[in-house]
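Structure assessment
Each chain, written out:
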Amino acid sequence: MKRILVLVLFLTVSAGLFALDWGVLFNQTPKFSQDGFFYTENIQPWASFLFGDDMDLYISGSLNLKVEPDREVNPVVPGLLIPELGRTELTWRPADVLTLNIGRVSLTESSSLIAAGLFDGLKAGIVLDKLDIGIGAYYSGLLYKETAGISLSQNDRADYAKTEQYLSAPRVFLNAEVLFPGILESAHSLSAGGLAQFDTRSSRVDSQYIFLHADIVIGGAFDIGLSGVCGFAEDDWSFTGVSAAAAADFTYYLPTEIEDRLLMGFRAGSGEWNDAMKPFLPVNAPSQGTILKAKLSGTADARLVYTFRLIDALSIDMSADYFFRLDEKTYQTTDLKYNTGDNPYFLGAEIYGNCIWAPFSDLLVTVGGGAFLPQLGNAFNSDAKTLWQVSLSLIISL
């Protein structure tokens, strides 16, 4: 009885010290493709604590159950329950111009070509009159390897093949970025920065990147985003070459009665071109395409996306991509067989559509589907199979 009274007293006192909010997200994602049936069940509990006006703590985690086809062993093989620590960070605002975050925090860089996601570390944001400064130091060795998605070396790829290994590649990341918002009293902005990663193992592959990103607003109808990256790599401390990547997005907000927009985009990463110019190695940037999932190394993607909202709760986007490889060595895939003819640089086209329905604030339903058509290129054999995918995502928030 005394223990119960002590617990009640502790909770009562604690409730006066901080504000608490919590919830749970349930995400179910069945998916069909040419490889069979895949299913993912994801449970994400979270809690948020507010300590006064200048400090708060957010804690989250996830538990994943995956069912994937394994044709050599069994038609359907259940995956293990995979626990993960999600975004978990303490945020402190010691001054109006300074914000500090420590824990499992997001690493972002404005080019969106190098790295993105959660990493363990510390970052600081400084907001001044004419510029914003962000700096951070991070570590990836405590992340789940499939979520981190880091594949920069043979060691990294060997780790993915070890089913018993949970942790990601142990790498240290340093980044710094300066944003100049409202250039010349306009809506345009310019950012510049650098990111470096260092392998902590033997037989190491290190890399550094400098990048620029510009957002240009023309009237109220056009947005233009331009990004450029120059990369440098070392293999066991020996310089191996320079790489580059670039992206351009042009968004047009159509003058129609419904809310819609048209986006034209292009992304490319250098390949194995000569002794000095080497393949661009992103840390874990998004892949080219939804189905093909080509890494941004020696590939290019031209895309067209139309997004429209029929009603407030329903939006639809349709995309068409065409993929190229920029040399014959860098990008390889085991899903399709390559053609050995002359200039086999045209990979093919991908079409994909998403329907997003949010009838309530705590319910989100996404239905998507599409196909990659290698027959529309010359990089693969003429009898190469079409890759396709149909998926459903149901997210419930409690």
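Residues numbered from 1 in each chain as written. Predicted model: local features only at pLDDT ≥ 70, side-chain atom pairs only at ≥ 80, totals over all residues. Heavy atoms only, no water.

**Quick look at unusual backbone geometry**
Quick note on the threshold: Each helix is a run of DSSP H or I of at least 4 residues and each strand a run of E of at least 2, with the numbering of both proceeding from the N terminus.
Unusually for a residue other than glycine, tryptophan 237 sits at a positive phi of about 70°. With respect to the helices and strands, the residue tryptophan 237 is situated in the loop between β12 (222-235) and β13 (238-253). The backbone of lysine 293 shows a phi angle near 55°, a positive value even though the residue is not glycine. By secondary structure assignment, the location of lysine 293 is in the loop between β14 (259-269) and β15 (299-311).

**Things to note about the nonpolar core**
Rule in force here: Working definition of a nonpolar core: buried Ala, Val, Leu, Ile, Met, Phe, Trp, Tyr and Cys residues. They are joined through side-chain atoms within 4.5 Å. The rule is simple: take the accessible area with a 1.4 Å probe, protein chains only, and divide by the maximum for that residue type; under 20% is buried, over 50% is exposed, in between is partly exposed. Contacts are assigned to residue pairs with any non-hydrogen atoms lying within 4.5 Å of each other.
Ile114, Ile150, Phe173, Leu195, Tyr209, Val229 and Val283 are the most contacted members of the largest nonpolar core, which has 22 residues in total. Those elements giving two or more residues to this core turn out to be β6 (98-108), β11 (205-218) and β13. When residues no more than four places from it in sequence are discounted, the contact partners of tyrosine 209 are Ile114, Leu152, Gly193, Gly194, Leu195, Val229, Cys230, Gly231, Phe280, Leu281, Pro282 and Val283. Core analysis: the next-biggest nonpolar cluster, separate from the first, contains 14 residues, Ala294, Leu347, Phe380 and Leu387 among them.

**Brief notes about the confidence of the model for the protein**
Selection criterion: Predictor confidence is given residue by residue as pLDDT, running from a minimum of 0 to a maximum of 100.
Scored by pLDDT, the protein has a mean of 89; 92% of the residues are at 70 or more. For the protein, the element scoring lowest by mean pLDDT is helix α1 (residues 2-17), at 43; strand β18 (residues 363-373) scores highest, at 97.

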